[in-house]
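Structure assessment
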Amino acid sequence: MIFAAFFGGFIRRLSGFGGALIMTPLLMWIFPIPFLIPIVMCSEVFGGALLSRHWKLHPGDRSRLWYMLIFSAIFLPLGIWLSGFIPLVVLKSATSGVILFFASYLLLKPHIQLNATRFLDGLAGGLSGLLLGSCGIGGPPAALYLNSTNQAFDRTRSLLSQFVSGISVFAIAAASLMGGGIDWLIYLLPAIPVYWLGMRLANSVLAAHAISDSDLKRLCLFLLIANAGFNLLLLFIFK
């Protein structure tokens, strides 16, 4: 857990995403989905609060944010319910597979441009909620969609960060009510401080200006791919 929280915070601060992508596959070896979701999401909310002063939501994106959050809140409980019927090995494989696809997509950067619409906003939000409830990660659908639109990067990053924070709050409440209980609270005592230490180390790396922004992003994506690949290898060895 210490390892997962530290590198989750480190990656989140460097790239603005990826904390849950690091923490969830590792913690799935320790905790059931309804139990680990609040631990991971509390860490993500904590990180989002620290980063919120850097990434302000554009006034024109407020209605889009609420639209995405509403649909994510509708589909999130369905994802948690489905996780009770899906074998754990399938969930672990699916989670690592989603991370591999997500990281590879951003690394290759295919030139796909979409026009943002209410329908696509709702679809991305709903898929994010469904995936978060079933696998413990909800960022990839929204991130893939928002990064494929012709919107300015600063606006996209701010909207995505606010959405991740909002859906994390929904996930904490839903998972606690649907089987997670509140026993997970004790695990926040080591997770939050270690997550913060990871973010502090990332701050030092960024302050040193030793690595360009593009190289940092590529490094984070390679780390995510390596982490997911390692988890798939363990599944193959111990299946």
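Residues numbered from 1 in each chain as written. Predicted model: local features only at pLDDT ≥ 70, side-chain atom pairs only at ≥ 80, totals over all residues. Heavy atoms only, no water.

1. Brief notes about the packing of helix α3 (residues 33–51) against helix α9 (residues 188–208)
With their axes 10 Å apart at the nearest point, α3 and α9 run at an angle of 40° to one another. It follows that α3 is oblique to α9 by the angle criterion. For the pair α3 and α9, the crossing hand works out as right-handed. Of the residues in α9, those touching α3 at Ile39, Cys42, Ser43, Glu44, Phe46, Gly47, Leu50 and Leu51 are Leu188, Ala191, Ile192, Tyr195, Trp196 and Met199. Counted by class, the contact of α3 with α9 contains 11 nonpolar, two polar and one charged residues. (Axes fitted to C-alpha atoms, helices over the stretch in contact; angles between N-to-C directions. Helix = DSSP H or I, 4+ residues; strand = E, 2+ residues; numbered from the N terminus. Parallel < 35°, antiparallel > 145°, perpendicular 65-115°, else oblique. Left-handed = near helix turned anticlockwise from the far one by under 90°. Contact = heavy atoms within 4.5 Å. Nonpolar A, V, L, I, M, F, W, Y, C, P; charged D, E, K, R; others polar.)

2. Some points on the environment of phenylalanine 230
Here phenylalanine 230 shows up in helix α10 (residues 213–238). As for phenylalanine 230 and serine 83, which are separated by 147 residues in sequence, their C-alpha atoms are 23 Å apart.

3. Thoughts on helix α1 (residues 2–15)
In an α-helix there are 3.6 residues to a turn, and that puts residues three or four apart on one side. In a regular helix each residue adds 1.5 Å, so 14 residues correspond to 20 Å; α1 covers 20 Å between its end C-alpha atoms and thus fits that length. With 10 of its 14 residues buried, α1 lies for the most part within the structure. Turning to α1, its buried residues number three or more, namely Ala4, Ala5, Gly8, Gly9, Phe10, Ile11, Arg12, Arg13, Leu14 and Ser15. Immediately downstream of α1, the backbone of glycine 16 shows phi near 90°, a positive value. (Expected span 1.5 Å × (residues − 1). Buried < 20%, exposed > 50% of the residue type's maximum accessible area, 1.4 Å probe, protein only.)

4. Focus on the packing of helix α6 (residues 118–135) against helix α7 (residues 139–146)
For the pair α6 and α7, the least separation of the axes is 7 Å and the interaxial angle reads 155°. Of the possible angle classes, the one that applies to α6 and α7 is roughly antiparallel. Every residue of α7 that contacts α6 at Leu120, Asp121, Ala124, Leu127, Ser128 and Leu131 is listed here: Pro140, Pro141, Ala142 and Tyr145. Each residue belonging to the contact of α6 with α7 can be placed in one class, and the counts come to eight nonpolar, one polar and one charged.

5. As for the pattern of salt bridges
Per the counting criterion, the structure on display carries four salt bridges. Of the charged contacts, one joins arginine 64 and aspartate 61 as a salt bridge, the two residues approaching to 3.8 Å between their closest N and O atoms. Like arginine 64, the residue aspartate 61 is buried in the burial classification. Salt-bridge contacts for aspartate 121 lead to arginine 64; the nearest nitrogen and oxygen are separated by 3.0 Å. (Salt bridge = Lys/Arg side-chain N within 4 Å of Asp/Glu carboxyl O.)

6. Details of the packing of aromatic side chains
Tallied over the full model, the rule gives eight aromatic pairs. Aromatic side chains phenylalanine 6 and phenylalanine 7 sit 5.4 Å apart centroid to centroid with 80° between the ring planes, which places their arrangement in the edge-to-face category. Residue phenylalanine 7 is classed as partly exposed on the basis of its relative accessible area, which comes to 31%. Taking the centre distance of 4.8 Å and the plane angle of 70° together, the rings of phenylalanine 31 and tyrosine 187 count as edge-to-face. With a gap of 156 residues between them, phenylalanine 31 in the loop between α2 (19–27) and α3 and tyrosine 187 in the loop between α8 (153–180) and α9 connect regions that are remote in the sequence. Take phenylalanine 31: its relative accessible area is 9%, and that puts it in the buried class. Put simply, the rings of Phe3, Phe6, Phe7 and Phe10 touch in pairs and so form one group of aromatic residues. The residue whose ring lies beneath arginine 118 is tyrosine 67, and the NZ or CZ to ring-centre distance is 4.9 Å. (Phe/Tyr/Trp six-rings, centres within 6.5 Å; stacked < 30°, edge-to-face > 60°. Lys NZ or Arg CZ within 6 Å of the ring centre and 35° of its normal.)

7. A word on the side chain of threonine 156
With respect to the secondary-structure elements, threonine 156 resides in helix α8. Threonine 156 has contacts with Leu146, Asn147, Thr149 and Gln151, leaving out every residue within four places of it along the chain.

8. What to know about the nonpolar core
Most often, soluble globular proteins keep nonpolar side chains buried together rather than apart. Formed by 66 residues in total, the largest nonpolar core has its most connected members in Ile39, Met41 and Leu224. If near-sequence neighbours (up to four positions away) are discounted, methionine 41 is found in contact with Ala20, Leu132, Gly136, Ser168, Ala171 and Ile172. (Core = buried A, V, L, I, M, F, W, Y, C linked by side-chain atoms within 4.5 Å.)

9. Looking at α7
Counting buried positions along α7 yields seven of eight residues, so the element is predominantly enclosed. For α7, the full list of buried residues reads Pro140, Pro141, Ala142, Ala143, Leu144, Tyr145 and Leu146.

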